[in-house]
Amino acid sequence: MKFTPGNEWSWGYGSENNGIAPLVLNICDDEGKRYVFTTHYTNADLREFPQPGQAFCIEDAALLTDFQEGLYNINIVKDEICLPLALNALACARFVKLPRPCGRLFLPFAGAELILRGQVVSLYSKNGGVGDFMVLDEFPDSDVYRVMLLNQEWDLDHIILKAGAMIRVPANCLCAYRSISIGRNARYA
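These lines cover the structure that appears in this document, whether it is placed above or below. Remember, predicted model here, so these are calculated numbers, not experimental data.

Rules behind the numbers
- Residues numbered from 1 in each chain as written.
- Predicted model: local features only at pLDDT ≥ 70, side-chain atom pairs only at ≥ 80, totals over all residues.
- Heavy atoms only, no water.
- Helix = DSSP H or I, 4+ residues; strand = E, 2+ residues; numbered from the N terminus.
- Rg over C-alpha atoms; globule rule 2.2 N^0.38 Å.
- Contact = heavy atoms within 4.5 Å.
- Areas by Shrake-Rupley, 256 points an atom, 1.4 Å probe, with all protein chains shown as cover.
- Lys, Arg positive; Asp, Glu negative; His and termini not counted.
- Charge placed at Lys NZ, Arg CZ, Asp CG, Glu CD.
- Buried < 20%, exposed > 50% of the residue type's maximum accessible area, 1.4 Å probe, protein only.
- Polar contact = N/O pair within 3.5 Å; in protein donor to acceptor, adjacent residues only side chain to side chain.
- Pairing = 2+ DSSP bridges.
- Axes fitted to C-alpha atoms, helices over the stretch in contact; angles between N-to-C directions.
- Salt bridge = Lys/Arg side-chain N within 4 Å of Asp/Glu carboxyl O.

### Brief notes about the overall build of the chain
Part 1: Regarding its fold elements, the chain presents two helices and ten strands.
Part 2: The helix and strand sequence of the chain, counted from the amino end, reads β-β-β-α-α-β-β-β-β-β-β-β.
Part 3: Taking 189 residues into account, the globule formula puts the C-alpha radius of gyration at 16 Å, and the chain, at 16 Å, falls close to it.
Part 4: Along the first, second and third principal axes, the C-alpha atoms of the chain reach 45 × 35 × 30 Å.
Part 5: A sequence separation of at least 24 residues applies to 58% of the contacts in the chain between residues at least 6 apart.
Part 6: When the accessible surface of the chain is split by element, carbon and sulfur atoms take 51% of a total near 10,000 Å².
Part 7: Once the 17 positive and 22 negative side-chain charges of the chain are each reduced to a mean point, those two points are 6 Å apart.

### What about the side chain of Asn151?
Part 1: Summarising the element assignment, Asn151 is placed in the loop between strand 6 (144-149) and strand 7 (153-156).
Part 2: The class of Asn151 is buried, set by a relative accessible area of 5%.
Part 3: Within the structure, the side chain of Asn151 is placed 2.7 Å from the backbone nitrogen of Asp132, a separation counted as a polar contact.

### Overview of the sheet that holds strand 3 (residues 34-42)
Either a parallel or an antiparallel arrangement is found when strands of a sheet pair, and the pairing is made through backbone hydrogen bonds.
Part 1: Read across the sheet, three strands follow the order 1-2-3 without closing on themselves; strand pairing throughout is antiparallel. On the outer flanks of this sheet lie strand 1 (10-13) and strand 3, each paired with one strand and no other. The average angle at which neighbouring strand axes cross in this sheet is 30 degrees, direction not considered.
Part 2: Sheet analysis places strand 1 next to strand 2 (residues 22-28), joined by four bridges and oriented antiparallel. If you follow Gly12 over to strand 2, its bridge partner there is Val24.
Part 3: Sitting on the sheet, helix 2 (residues 79-95) touches strand 1, strand 2 and strand 3, and the angle it makes with strand 3 is about 55 degrees.

### Brief notes about the environment of Glu80
Part 1: The topology assignment puts Glu80 in helix 2.
Part 2: Judged by relative accessible area, which is 59%, Glu80 ranks as exposed.
Part 3: Sequence separation between Glu80 and Met1 is 79 residues, and the spatial gap between their C-alpha atoms is 9.2 Å.

### A closer look at the pattern of salt bridges
Part 1: Here the structure, examined in full by the defined rule, presents eight salt bridges.
Part 2: A salt bridge links Arg168 to Asp141, with the shortest nitrogen-to-oxygen separation between them at 3.8 Å. Within this pair, whereas Arg168 is found in strand 9 (residues 166-170), its partner Asp141 is found in the loop between strand 5 (130-135) and strand 6, the two being separated by 27 residues in sequence.
Part 3: On the basis of relative accessibility, which here comes to 46%, the residue Asp141 falls in the partly exposed class.
Part 4: What emerges from the salt-bridge pattern is a single network uniting Glu59, Asp60 and Arg94.

Structure (structure tokens):
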């Protein structure tokens, strides 16, 4: 099945439970069949609240394209993996609250690589772990980028991050996807 953003796509919220409702995206496939994509985020996670029925806009489409291209660049091309990761990155970039920067947990990387929105990068923790992230920003905020975890989970110095977690890190901590080999395999949500 193929999904192409269109006028039928819109933001909304799922069923509320104790005042908490998941952020959803109402989508249609190219054959007109409707689906509800439930993001990793709830209304408690949001800094910006889309109105129920808010149309999927040009900015959304541009972000989604960047995020899908970033995944394609590391050979994640299956739609059943790529689309959910890219849609969660879109929701995260557009609406999720900003956490504090947390560069002290990561090894600095000496590369002078240009960092692009949608690029998949790896962060190497000081305790030896590696996590893979999607860059959410086109430009850094005071040399700090927002990134979203792509792996199902990551134990970051006794802090368990789950797929879709946003963190903010200095640019010098971001390195090209898996450019340093430590012998661990990645699994994506």
